[in-house]
Amino acid sequence: MSVESRGCESEYDPKHGSSALRKRVTEREPHKGNVKVAENTETRGANNKHQNHSLNPRLKLQDIGGTEHVLGLKKCNTPASTTSAHQEWTVYSLILVALLSLCTRFYKILEPPHICWDETHFGKMGSYYINQTFFFDVHPPLGKMLIGLAGYLTGYDGSFPFAKPGDKFEEHNYAGMRAFCALLGSCLPPFAYLTVLELSKSLPAALITASLLIFDTGCITISQYILLDPILMFFILGSVLSMVKFSSHRERAFSGSWWLWLLLTGVNLAGALGVKFVGLFVILLVGMNTVRDLWNLLGDINLSLVLFGKHLLARVFCLILLPASLYISFFAIHFLVLNKSGPGDGFFSSAFQSRLIGNNLHNASMPEYLAYGSTITMKNVRIAGGYLHSHWHLYPEGVGARQQQITAYSHKDFNNLWFVRNQDFKTENPTDPVEFVKHGDIIRLEHKETSRNLHSHLHEAPLTKKHFQVTGYGINGTGDPNDFWQIEVCGGKPGDLVKVLRSKVRLIHLSTGCVLYSSGKTLPKWGWEQVEVSCSPYLKDTPNSQWNFEDHVNAKLPNISLEVLKPSFPEILLESHIVMIRGNSGLKPKDNEVSSKPWHWPINYQGLRFSGVNETEYRIYLLGNPVIWWLNLFSIALYVVMVTIAATSIQRGIQLSQKARERCRVLMEGGREMMLGWLLHYLPFFTMGRILYYHHYFPALLFSSMLTGITWDTMLQSWDLFVSPPVTQRIYSGGVAVLIILFLYSFYLFHPLSYGMVGPPAHDPSSPMAGLKWMESWEF
Amino acid sequence: MSGAPKLPITVKAEIDLVLVTVTAMGLATRLWGITYPAAVVFDEVYYGQFTSLYMKNIFFIDDSGPPLGHMILAFGAFLGGFDGNFVWNRIGAEYPCSVPVWSLRLLPALAGALSVPLAYQIVVELGYSHLAALGAALLVLCENSLVAQSRFMLLESVLIFFLLLAVLSYLKFHSHHKRSAHFSPSWWFWLLLTGVACACAVGVKYMGLFTYFLLLCVAGAHAWQVIGDPKLSNTAVLYHVVARGAVLVALPVVLYLGFFCLHLKLLYRTGPHDQVMTSAFQASLEGGLARITQGQPLEVSYGSQITLRNVLSQPVPCWLHSHKGNYPIRYGDGRGSSHQQQVTCYPFKDVNNWWIVKDPGRRELVVSNPPRPVRHGDTVQLVHGMTARFLNTHDVAAPMSPHTQEVSCYIDYNISMPAQDLWRVEVVNRESEREVWKTILSEVRLVHINTTAVLKLSGASLPDWGFRQLEVVADKMARGYHQSMAWNVEEHRYGKSHEQKEREVELHSPSQIHVGRNLSFMAKFAELQWKMLTLKNEDSEHKYSSSPLEWITMDTNIAYWLHPTSNAQIHLIGNIVIWSSANVSLCVYAALFLWYLLRRRRRMKDIPEDSWSQWVLVGAVCVGGWAVNYLPFFMMEKTLFLYHYLPALTFEILLPPVVLQHVHDHILRFPAHRHAFSALVLAWLSSVYLVYRSFSPLTYGQPTLSAAELGSLRWKDTWDILVRKR
């Protein structure tokens, strides 16, 4: 009984605790696990005997889970005084946290009054929404739509060009967009506070977490500008909070608040994915949590399969169907709003472009059938395929024959223009009658700008080695028989005319029998990172080997208004995703560009310059508060050690006090959730080939900070294993106070990073930041 | 294990005749006609080079994998008495009789042959019948791709052998453990063998790591059960955990280091890949740089003649260089230059790479007596040896990287553009503040005094006017450390000539004085391993490369060899019946596993507890082994070939017999069904054999098939089978 008596001196009322225990036992007598809880107070021998019965370690974990309900019940039973006092404190603290984060995020929000860093992109895209101009971006649309909406509602008219970082905003109203981002950024500390409070039931843990985020210069800086990150993090943390809240309603399944939190989780997931694809990681986190949850429900024999089916369906509806439909509707709004031609047109298929007002394919009017002598552009039918393109550059030495490059290019450009010629090399007489191109004809394509013919021969293609190289050959349209291509209309028969825009055609090389093909692989620097075009000896019909004629100019033929088949919404959706994914993986670091590596991030190796370079300029440097970041890193290691000790002692069946068991539960369940979140938001970056930046770590940082709160709270409480309870209490409160003061002081030291520095850089002793350049690699 | 051995000492031998038979068949299929063709087959051209280099003890660096695999192949060559004299330049080149083809190919073939009994024993050890085990052995035996891959000087069969050995020994160890034979000699033997086999697998190819991690996970799960075992005392648990940790983690690490140690011991001569390594590493090799640097003075002093090598060594290793040739007055894009003498980085040794360190306060270009060493923080001027111009930079945009400053050798045009030729030497890897600048060992940063710009290799190459040499710039924005900004002195001597003419003669003459120095093994290992991991090969597609998705249905094959005149050819092409039945059994396994798992969760037990744990273990080994050896390829960006799938396939084809036995034992209830089932299995096995037979001409390269016969073997459109046009 010694264990129990030690518990008497703790802040939880032991009488209620044990009575609740008994109450619970009587309530659910048939459960073996709960009987075990009741037996916890018995001697070690008895416990050992019990463990012999249960060989399955999972059962043992469950009885720890059981204690949670015990505490939950106890809270209800405790006389109102302590509970409500406790709750009042949590509310006051929440208000304090919210106020502090609003203050830190909104302080100097209008400074600097010029474009900072990526504001040039996202501000510009916000303007595109206001102007309804179609553009292309590698991220899904929600974040930019919200920025655009915020700008629109606060009186920004979309007229600022957002040309490059450093441009002054002048009279344009940018405050609304920044304030919107800052508002969402200010929600992060309260969200983290509530999440940790729910997971650990400990106010100090929640306060540590909240102050970590409030006083982190990195989180402040990234929340203060027109960026996607605050919006993304808002949704990520929103999903985590709703998920945790939902889990705590386990006992009240299908109640109103249960549904509310489940629905909110789904909404937030859709939001996170709608802002950036990084949202996938939080979906994974929630998904894993849900699967575990369902697994536990399935293991509950008392729960009928019908009821289990209801649980399953509720989750499928709220966590899969609802987010999916929301996500799709973001795109629907995106395409609905952006109905004017803009910079993003060329990335999309001809059919897609015809929807855009101002595009030359919108209500297009051109000769209907392809004729000899016409000027045309040819687009690959593959989703997000490029235009057949050539330019005054040769293939480099060692890459096939040293002839002119032929590529596929996504942008509209005069180098995409080709003449359709017939077999003989003499130029047509302008007075000749018009001759149409028919299925099976032998044609020649002459590049308008360079007068070279589309040519292929038995050399390896530059990237797809199984294919042949395609080049530009000949002078002024005079070449050799390798310039001849047979044109085939897909599904056509000999003699069919070739319809512009609507016919899909294949070009078969006459002498080698291969088919003109676009593999979608990006050429190296010598090919200007355009897409490879080759000639494939494999004649299988794929979109890669099909092309359509997009522009068609022939003075001799009348222009006819063409109604192009409008693509269906699912087609547009699929196409835009493929374009986005390709764009994302195409963001490769340039040669010798020093790019940020994932291992740099947790150690706060190098930040990002948001604004200003030299002494006289107003400088903002995105860099986390090093004290906070290093503490976070250390806490991860500490957590791993602590959880190993906790799990091993439980697995060994070591007798633990009630409080210690509760702490183990917080560590192993709450901590696990946060650790998993951190891993999921951090590790995948190691496998990514695209260019990475420091700010990619911020979602992971949120999880890391919450883990820090839980870890330190548990660690400080665990001193009772070594010293007497009053001393523990003193260590506990002292420790929390020291931590928070530490954060405050380091924030005081580093706050100019976020709120602007002027004067000489930090290595100069006269600088305001002198002595704070703790790492050689920091650039302020 | 107590007491003295009882007398008389007797030996009881039990011989599993089935096991012996499958081993013999394995040897027969793998070793038959192994010297045919006596020509270079596919990647032999690649591994052969390294074998030759081992025979000649010449240092090389290969980024494809750790050295154990190459050393095993080289050991075969050593047994055959190969002298390393063969030019491995072309697939299909005929071997002269000086190349011992048989012993070169022997070890991989043996490894391939022994995989057959290993597969047999793994299935037995998983708790399935000898009949199922025989089935698994037959599948491995008749898998054409495994046969083809084993018969040449290639590494996959060796890798697969070690993977299977590791899995088998772990399973043996685990069953000893279950029989409570803790810490018995055989318990230790199998545990140690697991560790050794894992280390060897990783040592042959990095891919071995996947299976190693899988085994670590399985061992971790089992150890977790040991921790939870209330019958064991705390000390016993501690022993168990420490023993596993030592043997499964520490031992492989030590062995892995051992492979590198042996590798470096064997390769002590300078060779073609030296230049990738740092100067210090090269100096440790016999010949080459060691011959030049042997006897160099250690401390760089005022008046020293030096060559400065960029530490980055990418895209190529190069040395700071200047030559008689000025920057063009106007560049192609219209920007102007200073029209002063070009400074570049040149990837070849050249007399124009020599620079002289000059004290700005003195006129002499010779080393005083005693020499005055240059220290960290000192200011120097660098004089180009052959043209006697000073290294200079100024606020003029660099030719290829306009955001940085141009670096030139200063020519005074008298146009109010003064010389800015003072540089501060910062020794990056110093231990104390005033460390001396040392030859080879020190990495220095040269910081321009006037502009605080740092001398740096930009990575761009100059156009024709700069002879396509690499661009050197001074970067004002440079902060922190990057290798492109670090330089080290490679060749060094104390200058003695006062006159420019004499000096030029001196620069042309080789330098010799002595300082002995040695790199520790760990430093060499760290450098070599790092270089191997970061060495970038131009990743281009190969004619026979493929994507992982094509592997699972075997939509691709690789032509390994074609007879120079006839249609005889060797392909890496699998037994399509085995591949598809393995895929089917994978799906059946997954479906049954899920079904059982969900039903057990509702306390409905379809199969006994023992069968269930067997079933789970099979999943961990076969499905897990397949998954860890297959799925990671989706994330790799290197050029992939069908043979990368073979380890995964090996694990996957252990599955059909196991699934069949499970269906037979647990799902079929009636004897009639069971008989019918057995008949079907027999039919299936014979079809496996028939397919093996029909494709064996492509596996063994003989007999020669006619064009029509070859055409009839092209079962999939995507297979490339070569037919000679008459």
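Residues numbered from 1 in each chain as written. Chains lettered and ligands numbered in written order. Predicted model: local features only at pLDDT ≥ 70, side-chain atom pairs only at ≥ 80, totals over all residues. Heavy atoms only, no water.

S.K.: With reference to specific residues and values, describe the overall build of chain B.
M.R.: When its secondary structure is counted, chain B shows 21 helices and 14 strands. Along the first, second and third principal axes, the C-alpha set of chain B runs to 105 × 75 × 55 Å. Across the 726 residues that make up chain B, the buried fraction comes to 55%. Put simply, 75% of the contacts in chain B that link residues at least 6 apart link residues at least 24 apart. If the 60 positive side-chain charges of chain B are averaged to one point and the 53 negative ones to another, these points end up 5 Å apart. (Helix = DSSP H or I, 4+ residues; strand = E, 2+ residues; numbered from the N terminus. Buried < 20%, exposed > 50% of the residue type's maximum accessible area, 1.4 Å probe, protein only. Contact = heavy atoms within 4.5 Å. Lys, Arg positive; Asp, Glu negative; His and termini not counted. Charge placed at Lys NZ, Arg CZ, Asp CG, Glu CD.)

S.K.: Mind laying out empty space enclosed by the protein, listing which residues take part and the relevant values?
M.R.: All names here are of chain A. Enumeration over the complete set of coordinates arrives at eight cavities of 30 Å³ or more. Lining the largest cavity are 14 residues, and of these Phe135, Asp137, His139, His334 and Met580 lie nearest its centre. If one sorts the elements of the lining of the largest cavity by residue count, helix α16 (residues 305–337) sits on top with three residues. Among the residues forming the lining of the largest cavity, the class breakdown is nine nonpolar, three polar and two charged. (1 Å grid on protein atoms, 1.4 Å probe; cavity = no way out; pocket = protein on both sides within 12 Å on 5 of 7 lines; lining within 4 Å. Points joined across faces, edges and corners; volume = space filled by probe spheres on them. Nonpolar A, V, L, I, M, F, W, Y, C, P; charged D, E, K, R; others polar.)

S.K.: Residue-level account of the packing of aromatic side chains, with values.
M.R.: Enumeration over the complete set of coordinates arrives at 89 aromatic pairs over all chains. Geometrically, the ring pair formed by Phe281 of chain A and Phe685 of chain A is edge-to-face, given 6.2 Å between the ring centres and 75 degrees between the ring planes. Of this pair, Phe281 of chain A sits in helix α15 (residues 279–299) while Phe685 of chain A is found in the loop between α20 (658–682) and α21 (698–717), placing the two residues 404 residues apart along the sequence. Each member of the pair, Phe281 of chain A together with Phe685 of chain A, is buried. Geometrically, the ring pair formed by Tyr327 of chain B and Trp465 of chain B is edge-to-face, given 5.8 Å between the ring centres and 75 degrees between the ring planes. One end of the pair, Tyr327 of chain B, is in the loop between β2 (319–326) and β3 (341–346); the other, Trp465 of chain B, is in the loop between β10 (454–461) and β11 (470–475), and 138 residues separate them in sequence. Seen from the ring of Tyr387 of chain A, Lys379 of chain A lies directly overhead, with NZ or CZ sitting 4.6 Å from the centre. In this structure, Arg493 of chain B is placed above the aromatic ring of Trp354 of chain B, and the distance from its NZ or CZ to the ring centre is 4.2 Å. (Phe/Tyr/Trp six-rings, centres within 6.5 Å; stacked < 30°, edge-to-face > 60°. Lys NZ or Arg CZ within 6 Å of the ring centre and 35° of its normal.)

S.K.: I'd like a rundown of the environment of Gly495 of chain B, residues and numbers included.
M.R.: Within the secondary structure layout, Gly495 of chain B lies in the loop between β12 (487–494) and α13 (500–508). With 244 residues separating them in the primary sequence, Gly495 of chain B and Leu251 of chain B have C-alpha atoms 52 Å apart.

S.K.: Explain the interface of chain B and chain A to me, using residue names and the numbers behind them.
M.R.: Between chain B and chain A, the residue contacts involve 35 residues of the former and 34 residues of the latter. Here chain B and chain A share an interface that buries about 2,800 Å² over both sides, 51% of which is from carbon and sulfur atoms. Taken together, the links from chain B to chain A amount to zero salt bridges. At the junction of chain B and chain A, the tally comes to nine residue pairs in polar contact (both at pLDDT 80 or more). Those elements giving two or more residues to the side of chain B that touches chain A turn out to be α9 (208–227), α10 (234–266), β10 and α16 (576–601) of chain B. The biggest single contributor to the side of chain B that touches chain A is α9 of chain B, with four residues. (Buried area = accessible area lost by both parts, 1.4 Å probe. Salt bridge = Lys/Arg side-chain N within 4 Å of Asp/Glu carboxyl O. Polar contact = N/O pair within 3.5 Å; in protein donor to acceptor, adjacent residues only side chain to side chain.)

S.K.: Give a detailed account of the environment of Gln614 of chain B, specifying residues and quantitative values.
M.R.: Residues and elements named next belong to chain B. Mapped onto the fold, Gln614 is located in helix α17 (residues 609–630). Taking relative accessible area as the criterion, Gln614 reaches 25% and is therefore assigned partly exposed. Placed 83 residues apart in sequence, Gln614 and Lys531 show a C-alpha to C-alpha distance of 44 Å. Sequence-distant contacts of Gln614, that is, excluding residues within four places in its chain, are made with Leu126, Gly127 and Tyr128.

S.K.: Break down the nonpolar core for me, with residues and values.
M.R.: Trp88, Leu126, Phe162, Ile558, Tyr560 and Trp615 of chain B are the most contacted members of the largest nonpolar core, which totals 158 residues. Top element by residues in this core is helix α7 (residues 156–178) of chain B. It accounts for 14 residues. Every residue in contact with Trp615 of chain B, bar those within four places of it in the chain, is listed here: Tyr128, Tyr589, Leu592, Phe593, Tyr596, Val658, Val659 and His662 of chain B. In terms of nonpolar packing, the next biggest core, distinct from the first, is built from 149 residues, Leu232, Phe235, Met580 and Cys664 of chain A among them. (Core = buried A, V, L, I, M, F, W, Y, C linked by side-chain atoms within 4.5 Å.)

S.K.: Break down the state of the cysteines for me, citing the residues and quoting the values.
M.R.: All names here are of chain B. The full count for this structure, using the stated rule, is two disulfides over all chains. Note that Cys318 is cross-linked by a disulfide to Cys345, the S-S spacing being 2.1 Å. Of note, the bridge from Cys318 to Cys345 carries an S-S torsion of about 90 degrees and is right-handed in sense. Residue Cys318 is found in the loop between β1 (304–310) and β2, and its partner Cys345 is found in strand β3; the two are separated by 27 residues along the sequence. Accessibility classification places Cys318 together with Cys345 in one group, the buried group. Summary of cysteine pairing: Cys217 is not part of a disulfide, and the nearest cysteine sulfur, belonging to Cys198, is at 12 Å. Residue Cys217 is classed as exposed on the basis of its relative accessible area of 55%. (Disulfide = S-S within 2.5 Å.)

S.K.: Tell me about unusual backbone geometry, and please be specific about residues and values.
M.R.: Comment: phi is negative for the bulk of residues other than glycine, and the bulk of peptide bonds are trans. Cis geometry is adopted by the peptide bond preceding Pro112 of chain A, which originates at Glu111 of chain A and carries an omega value of -15 degrees. Turning to its location among the elements, Pro112 of chain A is positioned in the loop between α6 (80–106) and α7 (119–131). Backbone torsion omega between Tyr36 of chain B and Pro37 of chain B reads -5 degrees, so that peptide bond is classified as cis. Looking at where Pro37 of chain B falls in the secondary structure, it is placed in the loop between α1 (17–31) and α2 (44–55). Although it is not a glycine, Glu529 of chain A adopts a positive phi angle of roughly 55 degrees. Locating Glu529 of chain A in the fold gives a position in the loop between β11 (515–522) and β12 (531–536). One non-glycine residue, Phe467 of chain B, lies in positive phi territory at about 55 degrees. With respect to the element layout, Phe467 of chain B can be found in the loop between β10 and β11.

S.K.: Go over helix α14 (residues 521–534) of chain B, please, and point to the residues and values.
M.R.: Over its 14 residues, α14 of chain B runs 20 Å from end to end, which matches the ideal 20 Å to within 8%, given 1.5 Å per residue. By the burial criterion, the buried members of α14 of chain B are Lys524, Phe525, Glu527, Leu528, Gln529, Lys531 and Met532 of chain B. (Expected span 1.5 Å × (residues − 1).)

S.K.: Any chance you could break down the packing of helix α11 (residues 203–214) of chain A against α21 of chain A for me, citing the residues and the numbers?
M.R.: Residue and element names in this part refer to chain A. In contact at an axis separation of 8 Å, α11 and α21 are set at 145 degrees when each is read in the N-to-C sense. Pair α11 / α21 crosses with right-handed handedness. Contact residues: Pro204, Ala205, Ile208, Thr209, Leu212 and Leu213 in α11; Leu702, Ser705, Met706, Thr708, Gly709, Ile710, Trp712 and Asp713 in α21. Across the contact of α11 with α21, the residue classes tally to nine nonpolar, four polar and one charged. (Axes fitted to C-alpha atoms, helices over the stretch in contact; angles between N-to-C directions. Left-handed = near helix turned anticlockwise from the far one by under 90°.)

S.K.: Describe the confidence of the model for chain A, naming the residues involved and giving the relevant values.
M.R.: The share of residues in chain A with pLDDT of 70 or more is 87%, and the mean pLDDT across the chain is 82. Below pLDDT 50 for its whole length, residues 1–80 of chain A participates in 82 contacts with residues either more than four positions away or in separate chains. (pLDDT = per-residue confidence, 0-100.)

S.K.: So what's going on with the confidence of the model for chain B? Which residues, and what values?
M.R.: Residues with a pLDDT of 70 or more make up 94% of chain B, whose mean pLDDT is 87. The model gives residues 511–516 of chain B a pLDDT under 50, and that stretch makes 17 contacts with residues more than four places away or in other chains.

S.K.: A description of a nonpolar patch on the surface should follow, citing residues and the corresponding values.
M.R.: Residue and element names in this part refer to chain A. Nonpolar side chains collect at one region of the surface, where Trp89, Val91, Tyr92, Ile95 and Leu99 lie side by side and expose about 560 Å² of accessible area between them. Within the secondary structure layout, Trp89 lies in helix α6. Accessibility expressed as a relative area gives 56% for Trp89, which makes it exposed. (Patch = residues over 30% accessible without salt bridge, like charges linked within 9 Å, V, L, I, M, F, W, Y side chains within 5 Å. Areas by Shrake-Rupley, 256 points an atom, 1.4 Å probe, with all protein chains shown as cover.)

S.K.: Describe in detail the pattern of salt bridges, supporting the description with residues and values.
M.R.: Residue and element names in this part refer to chain A. One pass over the structure, following the stated rule, counts 31 salt bridges over all chains. With a shortest N-O distance of 3.6 Å, Arg506 and Glu488 are connected by a salt bridge. Of the two residues, Arg506 sits in strand β10 (residues 505–509) while Glu488 sits in strand β9 (residues 485–489), which places them 18 residues apart along the sequence. Residue classification places Arg506 among the buried residues on the basis of a relative accessible area of 10%. The class for Glu488 is partly exposed, based on a relative accessible area of 25%. A single salt-bridge network, built from bridges that share partners, covers Glu198, Lys201 and Lys245.

S.K.: So what about the packing of helix α8 (residues 185–204) of chain B against α9 of chain B? Which residues, and what values?
M.R.: Residue and element names in this part refer to chain B. Packing of α8 against α9 leaves a shortest axis separation of 7 Å and a crossing angle of 150 degrees. Compared by their axis directions, α8 and α9 come out roughly antiparallel. Read as a crossing pair, α8 and α9 show a hand that is left-handed. Taking contact as the criterion, the partners of Thr194, Cys198, Ala201 and Val202 in α8 are, on α9, Gly208, Leu209, Tyr212 and Leu215. (Parallel < 35°, antiparallel > 145°, perpendicular 65-115°, else oblique.)

S.K.: Describe helix α3 (residues 67–79) of chain B, with residues and values.
M.R.: All names here are of chain B. Along its 13 residues, α3 runs 18 Å from first to last C-alpha, staying within 8% of the 18 Å computed at 1.5 Å per residue. Most of α3 sits inside the fold, with 10 of its 13 residues counted as buried. Of the residues making up α3, those classed as buried are Pro67, Leu68, Gly69, His70, Met71, Ile72, Leu73, Ala74, Gly76 and Ala77. Once α3 ends, the next one or two residues include Gly81, with phi positive near 75 degrees.

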